[in-house]
Amino acid sequence: MSSLVTEVLSSAGKLEKDDLNSKILKISKRIEDIKLEVQETLRGRHKEFLPHFAETVELSSHLDEATSEADLLLTTIEKEIKPQLHNATCEYQELTKQLEESSTLVDIVGKLAEIHETLEAAKQAQKKKDYLSAATSLQHVESLIFQTKHECEKDVDILQVMKTEQLVKKEKLKYDLGEIWNQHIVWNIPKPKDDLPYKVELKLMTSGNKTLEEIQSLLQALYYMKELDKKIKKLGSNLMVHVLRIVVSYQVEIHIEKSSTSVTLVVVVNRKERAETTQVFDKLHTVFKFLHGSFMKLHVKKEPAEESETLMSLLGKQVGKEFCDCLIQECLSPAIPSHSKDLEGYSKVIELTSNLQVQLETLGFLEAGDTTILEYARNVDSLFANKMCQELLVCARNIMKEDLHATITLPEKEPLLEPLPKLTKIKAVQEEDKMTSVEDKHDVCKNIFHFPRCQVSLSTRKVLDLLHEVMQEAIKSSPSCAVRLFCTARNICELYCDVVPVYHKESITTLPQQTAIHHNNCMFLAHNLLTLGHQYHSQLATFLENPCITFVDIVPQLRQLGTDAFLAQMRRQKQQLLNFLQDTSVFQNIADDISHLPAARRAVTQCIHHLQLLQRVWKDVLPEGVFYRVMGTLLNSVLEEIIVHITALEDISEEAGIHFVSLFGIITDQALDLFKIADEDVSLLQVHKNVPKWRKFEELRLILGANMREIVDRWADGKGPIALDFTAEEVKQLIRALFQNTERRAAVLAKLR
């Protein structure tokens with residue numbers, strides 16, 4: 001074709017004989033042929049899996065020739081033709097566009113060929129165990145596919161097939177790397193874990209430079225494949241569960257077995273008992289030395305901007321914090337002493353922890369700034385106080401849960417566990433008396449601080465002993481620890497108020513004996529708390545900024561606990577006694593009909609028997625004074641109920657009066673025995689002292705058996721013994737009920753006022 005460009009250039013002497021158009025068309029046709037040839041070749045290779053590829057070798061050379069001719073022609077146009085195309089711009093632009101499209105097509109075909117060649121290189125590298133090269137090649141293929149995808153979405157359908165091929169090879173490489181990893185790290189973990197002896201084996205392939213090179217390549221390939229973190233995480237998990245946690249928690253045997261190709265760590269658990277701290281640290285040194293002696297010391301190169309890290313360092317990032325927490329919880333925490341006498345021996349634990357810290361930092365398992373375990377071990381003062389206080393509270397709670405009926409009898413004069421210091425007067429009026437003791441000056445009773453003889457629970461005595469032990473420990477401790485211990489002693493007292501009434505609620509509520517024991521316990525503990533702070537004040541005052549060392553504020557709460565429980569029991573017992581007499585018609589029926597006497601006698605007998613039961617339950621438990629008061633209160637309730645019923649009767653026959661006197665005699669005879677504790681008989685004295693209605697009851701008994709004259713004589717114009725307990729109206733009511741309406745009765749009633 002003869003064109004304007006040809007004519008212009010021919011006239012200028014710049015173009016050879018061959019037509020430029022024909023050259024461009026020829027190059028375009030050749031490139032298109034090469035493209036088709038590449039597509040067919042790659043399709044046969046990656047999609048149809050043809051067995052022979054003889055033409056594949058020539059692809060690159062053909063492509064190179066076409067590329068060279070296109071570049072040459074483009075250079076010719078740029079240097080010789082373009083400056084002269086002033087009059088042929090449109091045709092020039094069309095030719096240039098065709099040539100650029102051809103160049104782009106050349107680039108695409110080149111990338112397809114490069115993808116194919118890189119895939120082949122990855123395959124060959126994997127066969128040679130050059131896992132790093134295989135991984136980098138596949139990563140490069142992935143990058144090429146991503147770039148080419150945006151350039152030839154319509155023209156090259158083979159790209160998707162090649163992408164699938166790349167993914168298949170990538171997954172195959174991951175699988176192969178995983179298998180090789182498992183060949184170099186072999187676990188032998190038996191099941192189930194609870195069976196003893198429990199034996200775990202960890203075998204690492206380590207010997208030979210070639211093996212280490214393969215492992216180095218393996219690690220780097222795993223990193224490029226983004227699989228290394230997963231492998232390290234699983235390795236760290238197994239190492240924590242089956243080695244480190246077992247070594248820290250139990251008594252184990254560890255030995256290392258070596259062969260020409262591997263080294264094996266063997267951990268055997270014979271007994272699931274806590275090992276000594278020294279043994280734990282020795283075995284941990286052995287485990288970490290074993291790990292570092294293998295390929296754990298190999299480095300993994302990361303991104304160019306980042307420094308390489310050892311496998312041990314990566315392992316530490318995965319399980320380092322968990323290991324430190326485990327070591328603290330299972331080893332360091334139990335090693336903290338709970339008594340001041342053991343503090344000196346704890347320095348050895350700090351030394352062992354420091355040595356382990358240095359080793360782990362040197363190996364790279366812990367970062368240089370991670371001193372969690374060392375800081376914990378060195379914080380002994382606070383940890384010691386925390387542990388001791390916690391153990392004391394746990395011990396106190398366990399003591400408080402012990403049975404209340406396991407009791408001891410306090411002696412007649414219970415001595416203080418710790419002697420009281422002299423109670424000296426603060427600056428007195430007279431200078432010579434300012435250091436004189438209160439005991440010497442005012443002759444204070446020597447037994448003022450003695451608790452009366454009674455029974456208390458052994459558990460309560462243990463609680464008191466524990467309080468003294470805490471205060472003794474506070475004296476020997478540092479100021480900060482002394483404060484904590486003093487607060488712990490108070491917490492034990494408050495814990496007693498919270499735990500005992502709730503834990504023993506049923507027995508305290510239902511069993512009178514245990515109610516009495518609980519009452520004694522509270523009173524006994526409150527009695528000792530009154531002086532507990534003063535006993536240690538002089539020793540602890542120098543330790544505390546505000547030396548308010550007292551337990552007195554807890555005393556009312558303790559006393560209230562014991563009193564409330566015992567009063568509730570008294571109300572229940574009183575109601576039970578009144579239930580026996582609840583039929584108000586019993587005494588009325590006797591007055592009307594003597595045949596009802598057995599029912600009344602049975603009711604009174606039930607009351608006496610119930611009181612006798614309580615007397616047997618309480619007489620050796622309660623202090624004498626308390627026992628007399630509670631028995632007197634209950635008997636008084638019975639007598640008061642009987643007096644109310646009798647004085648309310650409107651008619652009492654002579655025979656009924658005789659039977660009432662006989663019935664009252666049963667009560668009088670039995671009541672004295674209720675107040676008998678020791679051989680010395682003070683029953684009558686205690687009855688008159690603790691039963692307010694006793695004298696009235698006796699007077700009523702006399703009235704029921706007396707004639708009218710005897711009653712008038714005992715009234716004695718309101719000055720006789722009857723007048724001390726009965727009003728004139730009550731005496732008149734009894735006379736009306738006992739005697740018939742006669743002039744004499746009327747005269748007597750008129751005199752009573």
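Structure first, text after, so check above.
Since the model is a prediction, treat every value here as computed from it, not as a measurement. (Residues numbered from 1 in each chain as written. Predicted model: local features only at pLDDT ≥ 70, side-chain atom pairs only at ≥ 80, totals over all residues. Heavy atoms only, no water.)

Turning our eyes to something else, we now look at the sheet that holds strand 1 (residues 185-188). With respect to topology, 4 strands assemble into an open sheet ordered 1-2-4-3, the strand pairing being antiparallel. The open sheet is flanked by strand 1 and strand 3 (251-258), the only strands paired with a single partner. Between one strand axis and the next, the sheet turns through 15 degrees on average, direction left out of account. Direction of pairing for strand 2 (residues 198-205) relative to strand 4 (residues 262-271): antiparallel, over a ladder of 8 bridges. The residue bridging K203 from the neighbouring strand is T264, located in strand 4. Sheet contacts for helix 8 (residues 228-249): strand 1, strand 2, strand 3 and strand 4; angle to strand 1, the most-contacted strand, approximately 50 degrees. Sheet strands touched by helix 9 (residues 277-292): strand 2, strand 3 and strand 4. Its angle to strand 3, the strand with the most contacts, is close to 30 degrees. (Pairing = 2+ DSSP bridges. Helix = DSSP H or I, 4+ residues; strand = E, 2+ residues; numbered from the N terminus. Axes fitted to C-alpha atoms, helices over the stretch in contact; angles between N-to-C directions. Contact = heavy atoms within 4.5 Å.)

Here Q573 lies in helix 19 (residues 555-580). Judged by its relative accessible area of 8%, Q573 is buried. Side-chain polar atoms of Q573 contact the side chain of H610, separated by 2.6 Å. Excluding residues within four positions of it along the chain, Q573 makes contact with P512, H610, L614, W618 and L634. (Buried < 20%, exposed > 50% of the residue type's maximum accessible area, 1.4 Å probe, protein only. Polar contact = N/O pair within 3.5 Å; in protein donor to acceptor, adjacent residues only side chain to side chain.)

A word on the pairing of strand 3. Pairing analysis gives 8 bridges linking strand 3 to strand 4, with the strands arranged antiparallel. If you follow I254 over to strand 4, its bridge partner there is V267. Counting the residues in the hairpin turn of strand 3 and strand 4 gives 3 residues.

Close contact between helix 18 (residues 512-540) and helix 21 (residues 597-618) brings their axes to 9 Å; oriented N to C, the two are set at 40 degrees. Classified by the angle between their axes, helix 18 and helix 21 sit oblique to one another. As helix 18 packs across helix 21, the resulting crossing turns out to be right-handed. For the pair helix 18 and helix 21, the contacting residues are P512, Q513 and A516 in the first and L614, V617 and W618 in the second. Taken together, the residues that form the contact of helix 18 with helix 21 break down as 5 nonpolar, 1 polar and no charged. (Parallel < 35°, antiparallel > 145°, perpendicular 65-115°, else oblique. Left-handed = near helix turned anticlockwise from the far one by under 90°. Nonpolar A, V, L, I, M, F, W, Y, C, P; charged D, E, K, R; others polar.)

Let us now look at the nonpolar core. Within the largest apolar cluster, 117 residues are counted, with the highest numbers of intra-cluster contacts made by W181, L228, L284, L291 and F323. If you look at the next biggest cluster of nonpolar residues, it comprises 60 residues, including A600, V638, L663 and A706. (Core = buried A, V, L, I, M, F, W, Y, C linked by side-chain atoms within 4.5 Å.)

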